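Observations on the model geometry
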Amino acid sequence: MEEESMTDSQEELVTRSDRGAVSFLALNRPQRGNSLSVAMIDALHRRLLELRSETGIGVIVLSGVGQRIFCAGHDLTEFNDETDPEFFKAVSVRCSAMMQAMREQPQIVIARVEGVATAAGCQLVASADLAIAASDARFGTPGVNIGLWCLTPMVALGRGLLPKHAMQMLATGRLHDAEFALRAGLVNQVVPAAELDAAVAALANEIGSKSTYTLALGKQAFYRQLPMPLADAYEYCGEVVARNMAHADAKEGIRAFVEKRAPQWIGRQP
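Here the structure is a predicted model, which is why all the values come from computation and not from measurement. (Residues numbered from 1 in each chain as written. Predicted model: local features only at pLDDT ≥ 70, side-chain atom pairs only at ≥ 80, totals over all residues. Heavy atoms only, no water.)

**Section: the nonpolar core**
Spelled out, the test is: Residues grouped as a nonpolar core are buried Ala, Val, Leu, Ile, Met, Phe, Trp, Tyr and Cys residues, joined through side-chain atoms within 4.5 Å. Exposure classes here rest on a 1.4 Å probe applied to the protein chains alone. A residue is buried below 20% of its type maximum, exposed above 50%, and partly exposed in between. Strands here are runs of E lasting at least two residues and helices are runs of H or I lasting at least four, both read from the DSSP assignment and numbered beginning at the N terminus. Should any heavy atoms of two residues lie within 4.5 Å, those residues are considered in contact.
Core analysis: the biggest nonpolar cluster contains 51 residues, and Leu 36, Met 98, Leu 124, Val 125, Phe 139 and Leu 186 have the highest contact counts within it. Broken down by element, this core gets its largest block of residues, seven residues, from helix 1 (residues 38-51). Not counting residues within four places of it along the chain, the set of residues in contact with Leu 36 comprises Ile 41, Cys 71, Gly 73, His 74, Asp 75, Cys 95, Met 98, Met 99, Ala 120 and Leu 124. Core analysis: the second largest hydrophobic core is formed by 16 residues, Val 22, Val 191, Val 200 and Ala 204 among them.

Below is the structure:
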């Protein structure tokens with residue numbers, strides 16, 4: 001993926017480049033399939049946390065360096081000689097916190113999937129708010145093939161996909177093509193690989209043109225109301241409406257609509 005205005009060196013585990021209201025994060029371990037070592041998990045989590053206070057950024061695009069593998073999941077070489085259950089629990093806690101941080105971000109997170117996304121890499125895609133995949137991308141939760149049910153990926157897949165699609169991925173361990181991922185609800189769009197950057201940029205720029213305050217408020221409200229009973233969800237969203245309408249960006253948006261001009265957003269406020 002073409003990158004501009006790099007803020008850090010290519011040697012970092014998660015690189016960052018910004019274009020307007022869009023921040024591009026890239027997993028940078030192509031020689032190890034962009035696998036989630038403990039250091040990589042922590043690096044991505046730090047990147048997410050640092051972006052939370054940046055009110056000019058409305059969208060985060062997450063990708064993997066290289067065309068072959070988006071993310072191969074956990075780095076199993078770190079597990080090979082470990083026997084302490086507390087080690088495995090600690091890794092799971094850290095990875096789960098990072099995955100939840102994606103949902104807690106005020107920005108909309110888009111996964112740009114090129115190549116293979118397996119296990120925790122597939123979990124990254126499921127944890128993103130939106131995802132666009134190249135037509136030759138592949139998705140899988142192959143833990144069952146080596147005696148490990150993909151338990152934490154199951155949390156994200158079980159909430160984002162229809163249950164039978166999620167179970168098929170978890171129980172077979174096989175790679176599924178991008179069209180299956182689209183039908184299952186794992187990705188929003190599938191495009192030829194040559195058109196992937198353009199499709200991601202179009203979606204990111206469209207969303208990035210919105211008020212960052214409104215995006216943050218709407219994303220938070222969307223995930224909070226999902227598990228609520230219907231009446232509670234309506235009550236909660238009614239309360240959020242009052243906050244939304246009182247914000248300067250809503251007032252500016254209505255004025256701009258009436259005056260037939262583009263709005264000038266203030267964005268998120270501290």
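Now that the structure has been shown, the text picks up again.
**Quick word on the pattern of salt bridges**
This is how it is decided: Each salt bridge in this description consists of a side-chain nitrogen of Lys or Arg and a carboxyl oxygen of Asp or Glu lying within 4 Å of one another.
Summed over the entire model, instances satisfying the criterion amount to 15 salt bridges. Note that Arg 32 is salt-bridged to Asp 75, the shortest N-O span being 3.3 Å. With a gap of 43 residues between them, Arg 32 in the loop between strand 2 (22-27) and helix 1 and Asp 75 in the loop between strand 4 (69-71) and helix 2 (85-104) connect regions that are remote in the sequence. Here Arg 32 falls in the partly exposed class, since its relative accessible area comes to 34%. Owing to a relative accessible area of 5%, Asp 75 belongs among the buried residues under this scheme. Taken together, the salt bridges that share partners define one network made up of Glu 12, Arg 16, Asp 18, Arg 47, Glu 50 and Glu 54.

**Description of the sheet that holds strand 5 (residues 108-113)**
Formally: At least two DSSP bridges between two strands are required for those strands to pair. Axes here refer to lines fitted to C-alpha atoms; in helices the fit is confined to the stretch in contact. Angles between the N-to-C directions go from 0 to 180 degrees.
Ordered by their spatial adjacency, six strands build an open sheet running 1-2-3-5-7-10, and the pairing between neighbours is mixed. Bordering the open sheet on either side are strand 1 (14-19) and strand 10 (189-191), each of which pairs with just one other strand. The average angle at which neighbouring strand axes cross in this sheet is 20°, direction not considered. As defined by bridge partners, strand 5 adjoins strand 7 (residues 130-134) across four bridges and the pair is classed as parallel. Its bridge partner being in strand 7, Arg 112 is matched across the sheet by Ile 132.

**A few points about helix 2**
Going by this rule: The span one expects for a helix is its residue count, reduced by one, times 1.5 Å. What the arc describes is the spread of directions from the helix axis to the C-beta atoms. A 3.5 Å cut-off defines polar contacts: any pair of N or O atoms within that distance qualifies, except that in protein one atom must be a possible hydrogen donor and the other a possible acceptor, and neighbouring residues in sequence count only when both atoms are side-chain atoms.
A rise of 1.5 Å per residue sets the reference length of helix 2, with its 20 residues, at 28 Å; its end C-alpha atoms lie 28 Å apart and thus fit the reference within 8%. Regarding helix 2, the residues found buried are Val 91, Cys 95, Met 98, Met 99, Ala 101 and Met 102. The buried residues of helix 2 all sit within an arc of 150° when viewed along its axis, so they share a single face. Exposed residues pointing more than 90 degrees away from the buried face of helix 2 are listed as Pro 85, Glu 86, Lys 89 and Glu 104. Buried residues belonging to helix 2 abut helix 1, strand 3 (59-64), strand 5, helix 3 (120-127) and helix 8 (212-225). One side-chain oxygen of the residue at the start of helix 2 lies 3.0 Å from the amide nitrogen of Glu 86, identifying that residue as Asp 84.

**A closer look at a nonpolar patch on the surface**
Selection criterion: Only residues whose relative accessible area exceeds 30% and that take part in no salt bridge are eligible for patches, with like-charged residues grouped when within 9 Å of each other and nonpolar side chains (Val, Leu, Ile, Met, Phe, Trp, Tyr) grouped when within 5 Å. All accessible-area figures derive from a Shrake-Rupley calculation using a 1.4 Å probe, and residue coverage is judged against the displayed protein chains alone.
On the surface, Val 241, Met 245, Ile 254, Phe 257 and Val 258 cluster together into a nonpolar patch covering about 540 Å² of accessible area. Listing elements by their share of the nonpolar patch, those giving two or more residues are helix 9 (230-246) and helix 10 (248-259). Here the nonpolar patch takes three residues from helix 10, the largest share from any one element. Mapped onto the secondary structure, Phe 257 falls in helix 10.

**Some words on the packing of aromatic side chains**
As a reminder of what qualifies: In summary, the pairing rule links any two rings of Phe, Tyr or Trp, Trp by its six-membered ring, whose centres are within 6.5 Å, and it sorts them by plane angle into stacked for under 30 degrees, edge-to-face for over 60 and tilted for everything else.
Per the counting criterion, the structure on display carries four aromatic pairs. Each ring, one from Phe 79 and one from Phe 87, has its centre 6.1 Å from the other, and the planes form 80°; the classification is edge-to-face. Of the residues examined, Phe 87 reaches a relative accessible area of 23% and is grouped as partly exposed. Measuring from ring centre to ring centre gives 5.6 Å for Phe 79 and Phe 88, while their planes differ by 85°; the resulting arrangement is edge-to-face. Look at Phe 88 and you get partly exposed, because its relative accessible area is 32%. Put simply, the rings of Phe 79, Phe 87 and Phe 88 touch in pairs and so form one group of aromatic residues.

**Points about the domain arrangement of the chain**
Stated formally: Segment limits for the domains were obtained from an automatic or database-derived domain assignment. When two parts are put together, the accessible area they lose, computed with a 1.4 Å probe and summed over both, is reported as buried area.
Along its sequence, the chain is organised into domain 1 (14-208) and domain 2 (211-259). Distance from the C-alpha centre of domain 1 to the C-alpha centre of domain 2: 28 Å. Tallying the contact residues gives 13 residues for domain 1 and five residues for domain 2. Here domain 1 and domain 2 share an interface that buries about 680 Å² over both sides, 57% of which is from carbon and sulfur atoms. When the buried area of domain 1 at its contact with domain 2 is split by residue, Arg 103, Pro 106 and Ile 108 rank highest and sum to 49% of it. One salt bridge connects Asp 129 with Lys 219, and the closest N-O pair in it is separated by 2.7 Å.

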